[in-house]
Structures are given as structure tokens and as C-alpha cells.
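Structural overview
Listed below are the residues making up each chain.
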Amino acid sequence: MALTSNKHVLDWVKECADLCRPDEVVWLDGSEEELAALRRQAVEEGILIKLNEEKLPGCYYHRSNPNDVARVESRTFICCEKQEDAGPTNNWMAPDEMKAILRDIYDGCMTGRKMYVIPYSMSVVGSPFAKYGFELTDSIYVVLNMAIMTRMGKDVYDALGDSPDFIKGLHSAAQMDPEKRYIVHFPQENSIFSVNSAYGGNALLGKKCFALRIASCLGRDEGWLAEHMLILGIQDPQGKITYVCAAFPSACGKTNLAMLIPPEYYRKKGWKCWTVGDDIAWLRPGPDGRLWAVNPENGFFGVAPGTSAKSNPNALESTRKNTIFTNVVLKKDGTVWWEGMDKNPPTDAEDWKGNPWDPASGVKGAHPNSRFTAPAKNCPCVSPEFDNPQGVPISAIIFGGRRARTVPLVYQSKSWAHGVFTGSIMGSEKTAAAEGQVGELRRDPMAMLPFCGYHMADYWQHWLDMEGKISDPPKIFNVNWFRTDEKGNFLWPGFGENLRVLEWILGRCKDSVGAVETPLGYLPRPEDIDLTGLDEVPADTLRELVSVDPAAWKGEVADIRTHYAKFGDKLPQALRDCLKDLESWVG
Ligand code: GTP
Ligand code: SPV
Ligand code: MN
């Protein structure tokens, strides 16, 4: 029975049901009984495997279709009226043309299945940031993931009332046909259509589709920002907590930085970090002239490989109960394993495809983009402000990517506009989080290349315009934890040690620490980064990490020029000017 009398919701659910023709429409209320019944059903149907209740209470294991293990950017579309508004970085098709294609694929696709209506809120229900959505899906896996990742439940029906102001999402796993896989956004109608995938960012529509692609359009129209950013609170020895946001491309360290544990030397002095978000931030100007951020999500859809008691104990601890593991190694005792968890791979386990796995075979047991879906509340360092409907005030915005060469450990932009430039030229070596060649360098402005729902140059202009709405803007920085030597070894130890860089960033925010000015921005002098207790980084290495070489930047600048050329006349003049400065530096 429908759980709402909202005519707009009822009409739209009927329209989708008429198209997909499910045997039944199930209106979900998000109650624990309802979810427990769905988990039981998923286990009966083989969608989930119940894990060891003693060791991993409330946890389940899932294998995706092997053809469906990451986001599919090549099949992701922004269907606004005019192609020009989607810009050169998005796939586009005319809305009517796309609708005709989708209609054929969705036609009767839920026959023999149920259609679940998921009411959900991105950010705390009733908060000034909150936006509501409904996802209609035939996948119980999607329902159970959305129950972790969003605020899902019947209070969304109440909060929405009779309003038409909600985001529509229609998802079907359909036949899992990769040739007919589409992730489509109609920003002018606030609607999302996803079909033939059941994986993460393709299918959990509250996440990348709504909270980034659609929300970026809403942010442009309403004067705020929807970003692919973590939110971290850093508590200093005086007890003051400073909040920063950081945008790194997929699988480039957001979850890790968001859950940072200070090195021993810092811990002893009284430093502590608090997680507000690990993937998405919505940022709005506050009445005090600062930028305030919330994490619109309620859980972590984190990369499993590399997560260990050493690299990220907080993430590992977050997955010890009520978590869904996807595409990791399944052990005989009903627990899980993945590459980089520890040095003891199980010898009698099944790999992510369900085959008996021999760790000596050289074949990976977990898919490189295997993930855990864990409730944020599980995280030992979840911020007390996590549910604050007003969000937290942001002092610094940090951009960064995976760069083996050229880009220094950290630098500070000279102004807001120069910071927008810094974000716009971000590059990163590709990871397994999306299809394509791992390791290949691509420009990923603000880590939003796959997630900006409109023309990237208009998005940069929107960023530039935001300065006028905030009298006390965050300072903007760029970091690179991924510099390597000729042998491919990381020059910087990363993870907890990144706090040493964050301390410099906080110092710059309150003008208490030095820097040298370069054409790229302000760089720390080696003595500005505290290396106490970190013997593994020799002075020479640090000097190399915090220096810039115009000769090395010459190639970089040429590549940025090519990157910018894609945007033609729409490229904001302020960014053109910043590039010109770099050009005259490298000669
Ligand atoms: P999405 O969820 O895909 O948006 O990614 P994310 O940015 O949250 O990525 P995550 O934190 O899960 O990082 C994934 C990979 O980056 C793992 O392989 C980590 O081991 C590696 N990583 C994270 N932080 C560091 C670091 O400081 N140094 C190095 N060398 N590797 C890191
Ligand atoms: C990413 O790829 O940036 C992710 C995972 O955070 S997904 O939700 O699949 O997009
Ligand atoms: Mn992400």
C-alpha cells in the first residue's frame, strides 16, 4: 500500500510501474523488521551470503556480476535540452532520443519481480541542506545498500508532504546486459534512470547520480556547491577543531584521509581527527560569511583493498558489524579478506568470482574495486557533528591526485580564483574505480570529471562566483601523496603521516607558519614541515618533495593548454590569466 498521498510521488511511481510492469510495488518504510525480512530473502535467493555472526555480526557478502564491477563513465549521460550545456566532458543525447531508448529497455523489465520504493534523504531529514529522493528498484541489494548509505525511511514521506520537490530515480538490474547499460540524468526534470548494472555509483542513485551530478546543477541554480570531497575535523593540542574538505579522484585517498590517525608523536601532543564525510560534501555560504559543509551520506562505500589495521584501522573497525562486503575474498569461516588487509592470505577461500582461490597463483582474490558498505556510525572517530543539520565551517579546501612526478607534496593557492585554477588543472593517474586503463594520466578537475552534471567551464565560473557569496572563504591547497622514485617507491609515507602536511595547512590558514612564493603558489620550506619521529623521510627527499622545477612543469603546462582548449570560449578569463602566468614561468 502506498505510504504517501503525495500526488506527484504517486503519479510517478504509477508511471514507472506501468512501464516496468513489476508483479508488485512495495512501499518501504525503512523499519528494522522490513530490512531484516529483505536480508533473509536476499540470503534465500543467493543475493547475499550471511557472514560469521560472532566475528562479523549483521554482516553480509555479495558478488556482483563479473561484468559489473565499477562505474561506467562511457555509458553515463547528461541529457539536458542543449548539448552545449552538458559540455565537452559529459556524454550527451537529446532527452527525447534517450527516453525512447530507455523506454524500450525498461519495458516490462520487472515482470516476475517486485519494484521497491525507497524513500530517502540526502543529509539529515529537515536540515536546511536536506534534499529528498525516491529510488524505485528491483534489486534487494540496492535497497539494503541504500539503507546504509542514506537516511532512508518513512519520515521522508512526512518531511516531503505534498511537495513536488524530490529527485526521481528509476533503477533496474534488468538483464545485466552491458550493451544496454545506461546511467542517465535529466537535470531539467530532476530524474535519474539506471539500468543493467547493480554496482555502487551506477545503482545507488543517492550517491554519485543525485548527490553529485543532479546536486551540482541544483547548486549552480541555488548558489552552493556539491563536491566529491571528504570532510575532516582536525583537533589541535589546544582542543580547537578546524574542518577541512578535500577532493581527490576515485580511489585516491579520501576515505583514508577522512579517518586519519595521527602519528604517535602528534597523538602524544594531543592531536585527534574526526570524520564528517569520506566521499561527498555539500557546501553552502553561512550567515557568518564562511562556507559550511555537510556530508549528505549516512555510510561509507569504501575501497576494500589496501584497508588494513595499519593503513586505516578506523575504516576496518567500521566494517566489523552491519556491513555489506562486495567482491572481496570469502573465507571458510564466514569472514572476509582482501589484498593489503594483512600478509596472511587465506589458502582455502573463494575469490570474488566464487572460484576456489590460490593466493600463490598470482591472481587477485578480491577485485581491485571491491568495496564495503558500512554505517558511518560504526566509525570510531565519527565526528560529534556528523548529524549537525547546520554542518561544519570549512577553513581549507584541499585538491589532490595521484601523481608520480612533477606535482609537489603540498602548495597553497594565492587567492580564491587561483585556487579554482588549481582545482581546474588537477590531474591523476587512473585507478580501478572506473573502467579504463589504470595508471594513465587524465585531467580530473576538482575530482569531478565523472560527476559534474553540466558544462565544466560553467562549473568553474560558478566556483569563481561563489567568492562573492563568502566574505571569509576557505584557503585552497593542492596535495600529492603519490610521488615515487625511479623504482616506483612512494617518496612520502602517506596515511597518518599526512597530518604533518595538514598541520602546515592549518598554520597557513591562521598565518602562523612560513612558506616560499613560487609561480605555482606558496610552498613550505623544508623546515616548515615537522618530521619529528619520521626517520624514513631523509632531508633530501623532503627537499625534493617541496620543490618545483619549471623544466618539469613545461610539459605539464602544455598538457593543461590542451585540456583547456576543450572548453573554448566558455573558459573563464580568470583561469586563462592563471595559465598565462604559468606559461611565462616555464618559458
Ligand atoms: P572513492 O571511494 O573511490 O571515491 O575513493 P577514495 O578517494 O575514498 O579512496 P581511498 O581512501 O579508499 O583510497 C584508495 C587507495 O589509495 C588505496 O589503495 C590506499 O591504499 C591508497 N591511499 C590512500 N591514502 C594514501 C596515502 O596517503 N599514500 C599512499 N601512497 N596511498 C594512499
Ligand atoms: C567513486 O568511484 O568515486 C566511488 C565509488 O566513490 S562509486 O560509488 O561506485 O562511485
Ligand atoms: Mn567517490
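By convention here, each chain's residues receive numbers from 1 onward along its written sequence. Here every chain gets a letter starting at A, and every ligand a number starting at 1, in the order they are written. Selection of residues for local features in this predicted model requires a pLDDT of at least 70, selection of side-chain atom pairs for listing and counting requires 80 or more, and totals for whole chains, interfaces and linings are taken over all residues. Derived side-chain values reflect all non-hydrogen atoms in the structure, with water molecules and hydrogen atoms excluded from consideration.

Once that is clear, we can look at the packing of helix α12 (residues 416-424) against helix α13 (residues 456-466). Where α12 meets α13, the closest approach of the two axes is 9 Å, and the angle between their N-to-C directions is 155°. As judged from the angle between their axes, α12 and α13 are roughly antiparallel. Between α12 and α13 the crossing geometry is right-handed. Each of W416, A417, V420 and S424 in α12 lies in contact with α13, whose residues at this interface are W460, W463, L464 and M466. Note on residue categories: nonpolar means Ala, Val, Leu, Ile, Met, Phe, Trp, Tyr, Cys or Pro, charged means Asp, Glu, Lys or Arg, and polar means any other residue, Gly included. Residue classes in the contact of α12 with α13 are distributed as seven nonpolar, one polar and no charged. Axis definition: a line fitted to C-alpha atoms, over the contacting stretch in the case of helices. Angles run 0 to 180 degrees between N-to-C directions. Elements are defined by DSSP. Helices are runs of H or I of four residues or more, strands are runs of E of two residues or more, and each kind is numbered from the N terminus. Oblique is the label for any angle not under 35 degrees, not over 145, and not in the 65 to 115 range, which are roughly parallel, roughly antiparallel and roughly perpendicular in turn. Crossings are classed by handedness, with left-handed meaning an anticlockwise turn of the near helix from the far one by less than a right angle and right-handed meaning a clockwise turn. Two residues form a contact once any of their heavy atoms are found within 4.5 Å.

Each residue gets one of three labels from its accessible area relative to the maximum for its type: buried under 20%, exposed over 50%, partly exposed in between, using a 1.4 Å probe on protein chains only. In terms of burial, strand β10 (residues 191-195) is a largely internal element, five of the five residues being buried. Here β10 shows no split at all, with S191, F193 and V195 on one side and I192 and S194 on the other all buried. Here strand β8 (residues 167-172) runs beside β10; their pairing, made up of five bridges, is parallel. When the bridges of β10 are listed, H171 appears paired with S194. Pairing between strands is defined by DSSP: at least two bridges between the two strands are required.

Okay, the site of ligand 1 next. By convention in this text, a residue qualifies as near a molecule or strand provided that one of its non-hydrogen atoms is within 4 Å of it. Neighbouring residues of ligand 1: 20 residues in total, closest A251, K254, T255, R371 and F495. The term polar contact refers here to a pair of N or O atoms within 3.5 Å; inside protein, the definition further demands a hydrogen-donor-capable atom paired with an acceptor-capable atom, and it admits residues adjacent in sequence only when both atoms are side-chain atoms. Between ligand 1 and A251 there is a distance of 2.7 Å, counted from an oxygen atom to a backbone nitrogen or oxygen. The contact in question runs from an oxygen atom of ligand 1 to an N or O atom on the side chain of N256, over 2.9 Å. For every accessible area listed, the method is Shrake-Rupley and the probe measures 1.4 Å; residues are considered covered only by the protein chains on display. Protein burial of ligand 1: of its 670 Å² of free accessible surface, 90% is covered by the chains. Elements supplying a minimum of two residues to the shell around ligand 1: α9 (254-258) and β17 (299-303). Among the elements that make up the shell around ligand 1, the one with the highest residue count is α9 (three residues). Split by residue class, the shell around ligand 1 holds nine nonpolar, seven polar and four charged.

Further remarks concern the coordination of the manganese ion (ligand 3). Keep in mind that water is not among the atoms, so a site may look incomplete; donors are the N, O and S atoms within 2.8 Å of the metal, or 3.2 Å for Na, K and Ca. Those donors, K208 (NZ), H228 (NE2) and D279 (OD), are the protein atoms that reach the manganese ion (ligand 3), and they lie 2.2 to 2.3 Å from it. Geometry assignment treats four donors as tetrahedral when all angles are between 85 and 135 degrees, treats four as square planar and six as octahedral when opposite donors are over 155 degrees apart and all others between 65 and 115, and treats everything else as irregular. The coordination sphere of the manganese ion (ligand 3) comprises six donor atoms, whose angles at the metal cover 69 to 172°; the geometry is irregular. Taken in chain order, the donor set of the manganese ion (ligand 3) reads K-x19-H-x50-D. One end of the pair, K208, is in helix α8 (residues 206-222); the other, D279, is in the loop between β14 (272-277) and β15 (281-285), and 71 residues separate them in sequence.

The definition of a nonpolar core used throughout is a set of buried Ala, Val, Leu, Ile, Met, Phe, Trp, Tyr and Cys residues joined through side-chain atoms within 4.5 Å. Ranked by internal contacts, the top residues of the largest apolar core, which has 95 residues, are W282, W460 and W463. The domain limits used here are those given by an automatic or database domain assignment. Both domains that meet at this core, namely domain 1 (7-30 + 71-222) and domain 2 (227-295 + 386-570), each give it at least three residues. If you look at the next biggest cluster of nonpolar residues, it comprises 36 residues, including V244, L257, W481 and I505.

Moving on, we get to the sheet that holds β17. Spatially, five strands are ordered β2-β3-β18-β23-β17 in an open sheet, and the strand pairing comes out mixed. At either margin of the open sheet sits one strand with a lone partner, and together these are β2 (49-50) and β17. Two strands pair when backbone bridges link them, and β2 and strand β3 (residues 60-62) are joined in this way by two bridges, in the antiparallel orientation. By the bridge assignment, I49 is partnered in β3 with Y61.

This part is about the pattern of salt bridges. We define a salt bridge as a side-chain nitrogen of Lys or Arg found within 4 Å of a carboxyl oxygen belonging to Asp or Glu. Counted according to the given criterion, the structure contains 33 salt bridges. Between D138 and R113 there is a salt bridge, and its shortest N-O distance comes to 2.8 Å. Placement of D138 in the loop between β6 (131-137) and α5 (140-149) and of R113 in the loop between α4 (95-106) and β5 (114-122) is noted, with a sequence separation of 25 residues between them. Since its relative accessible area comes to 27%, R113 is described here as partly exposed. Sharing partners across several salt bridges, the network here consists of K207, K208, K254, D279 and E297.

Here the focus is the site of ligand 2. As a matter of local geometry, ligand 2 sits amid R71, G200, G201, K207, K208, H228, S250, D279, F301, R371, A433 and F451. Between an oxygen atom of ligand 2 and a main-chain N or O atom of G201, the distance comes to 2.8 Å. K208 places a polar side-chain atom, nitrogen or oxygen, 2.5 Å from an oxygen atom of ligand 2. Burial of ligand 2 by the protein chains amounts to 98% of its free accessible area of 290 Å². At the level of secondary structure, the elements contributing two or more residues to the shell around ligand 2 comprise α7 (200-203) and α8. Residues from two domains meet in the shell around ligand 2; each of domain 1 (7-30 + 71-222) and domain 2 (227-295 + 386-570) gives at least three.

What follows is about helix α2 (residues 32-44). What a helix should span is 1.5 Å times the count of its residues minus one. Spanning 13 residues, α2 covers 18 Å between terminal C-alpha atoms, matching the ideal 18 Å at 1.5 Å per step. For α2, every residue scored as buried is listed here: E34, L35, L38 and A42. The buried residues of α2 occupy an angular sector of 95° when the element is viewed end-on, so they sit on one face. Exposed and oriented more than 90 degrees from the buried face of α2 are E33, R40 and E44. Buried residues belonging to α2 abut β1 (24-27), β5, α5 and β7 (151-152). G46 occupies a position one or two residues after α2 and carries a positive phi of about 80°. In this description, the arc belongs to the directions extending from the helix axis to the C-beta atoms.

Under the 1.5 Å per step criterion, the end-to-end length of α8 is only 19 Å for 17 residues, more than 12% shorter than the ideal 24 Å. Values of bend correspond, residue by residue, to the angle between axes fitted over the seven residues ending at that residue and the seven starting there. Maximal helix bending in α8 amounts to about 45°, located at A215. Most of α8 is tucked away, with 14 of its 17 residues classed as buried. Phi turns positive, to about 85°, at G223, one or two residues after α8.

Here the focus is the packing of aromatic side chains. Between 30 and 60 degrees the pair is tilted, below 30 it is stacked and above 60 it is edge-to-face, where a pair is any two Phe, Tyr or Trp rings, Trp via its six-membered ring, whose centres lie within 6.5 Å. Under the definition given, this model contains 25 aromatic pairs. Ring centres of F77 and Y182 lie 5.9 Å apart, and the angle between their planes is 45°; on these two criteria the pair is classed as tilted. Highlighted residues: F77 in strand β4 (residues 76-78) and Y182 in strand β9 (residues 182-186), separated in sequence by 105 residues. Grouping residues by exposure puts F77 and Y182 together as buried. For the ring pair F477 and W504, a centre distance of 6.1 Å and an interplane angle of 80° mean the geometry is edge-to-face. Remark: W504 occurs in helix α14 (residues 499-509) and F477 occurs in strand β28 (residues 475-479); sequence separation between them is 27 residues. Grouping residues by exposure puts F477 and W504 together as buried.

Moving on, we come to unusual backbone geometry. For residues that are not glycine, phi is negative in most cases, and the peptide bond is trans in most cases. One non-glycine residue, S123, adopts positive backbone phi at about 75°. Residue classification places S123 among the buried positions, given a relative accessible area of 2%. For N196, which is not a glycine, the phi torsion comes out positive at approximately 75°. Examined against the element boundaries, N196 turns out to sit in the loop between β10 and α7.

So, to be careful, I would describe these as geometric facts and stop short of saying anything about function.
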